[in-house]
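# Structure assessment
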Amino acid sequence: MNKKVITASGRRKSSVAQVRMVPGTGKIIVNGKDVNEYLPFEVLVMDLKQPLVLTNNESTFDITVTVRGGGFSGQTGAIRLAITKALLAYDENTDPSSESSYRRILKEAGFIRRDPRVKERKKYGLKKARRAPQFSKR
């Protein structure tokens, strides 16, 4: 059996994820641990699996993920984008205008675009990026 390996990377906030997708049974390994063991909340696991659920590939691929930087939420977003890119690479020969193309399904769900929001830098004289010190009249 020819095992086609698909690799992709995704970023969110300060997290970077590399995904390696091979045909399999649906196991997801993140940094050497099972996804349910690595991520502390079930909501994050559901968010991470959304591209697979939408394209009906939950038990089609084994996914190995290496993720660095940021917190759990940023890492989940980075992994989701990387999985989306890997699915697009897998389905590249399908006509994008057809109803069943992964590109069309994932684009309508808003998964193809990288979320550009990052933490704003702290400015001098302020407590945070925009939070000024408390004003005291007396």
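Predicted model only: the values in this text are computed from it and were never measured.

### Observations concerning the packing of helix α3 (residues 72–90) against helix α4 (residues 102–109)
Interaxial distance between α3 and α4 falls to 9 Å at its minimum, and their mutual angle equals 155°. Taken together, the axes of α3 and α4 are roughly antiparallel relative to one another. Of the residues in α4, those touching α3 at Thr84, Leu87, Leu88 and Tyr90 are Tyr102, Arg103 and Leu106. Partitioned by chemical class, the residues of the contact of α3 with α4 number 5 nonpolar, 1 polar and 1 charged.

### What about helix α2 (residues 42–54)?
Between the first and last C-alpha of α2 there are 18 Å, a value that for 13 residues agrees with the 18 Å anticipated at 1.5 Å per step. The largest bend in α2 comes to about 40°, at Leu48, with the proline Pro51 one to four residues further on. Taken residue by residue, α2 has Leu44, Val45, Leu48, Pro51 and Leu52 as its buried positions. Packed against the buried residues of α2 are β3 (28–30), α1 (35–38), β5 (61–68), α3 and α4.

### Brief notes about the pattern of salt bridges
Where side chains of opposite charge bring their charged atoms close, a pairing between them can arise. A full pass over the atoms with the stated rule returns 7 salt bridges. The closest approach of N and O atoms between Asp115 and Arg117, which form a salt bridge, is 2.7 Å. Within this structure, Arg12, Asp115 and Arg117 form a network of salt bridges that share partners.

About the thresholds
Residues numbered from 1 in each chain as written. Predicted model: local features only at pLDDT ≥ 70, side-chain atom pairs only at ≥ 80, totals over all residues. Heavy atoms only, no water. Axes fitted to C-alpha atoms, helices over the stretch in contact; angles between N-to-C directions. Helix = DSSP H or I, 4+ residues; strand = E, 2+ residues; numbered from the N terminus. Parallel < 35°, antiparallel > 145°, perpendicular 65-115°, else oblique. Contact = heavy atoms within 4.5 Å. Nonpolar A, V, L, I, M, F, W, Y, C, P; charged D, E, K, R; others polar. Expected span 1.5 Å × (residues − 1). Bend = angle between axes of the 7 residues up to and from the residue. Buried < 20%, exposed > 50% of the residue type's maximum accessible area, 1.4 Å probe, protein only. Salt bridge = Lys/Arg side-chain N within 4 Å of Asp/Glu carboxyl O.

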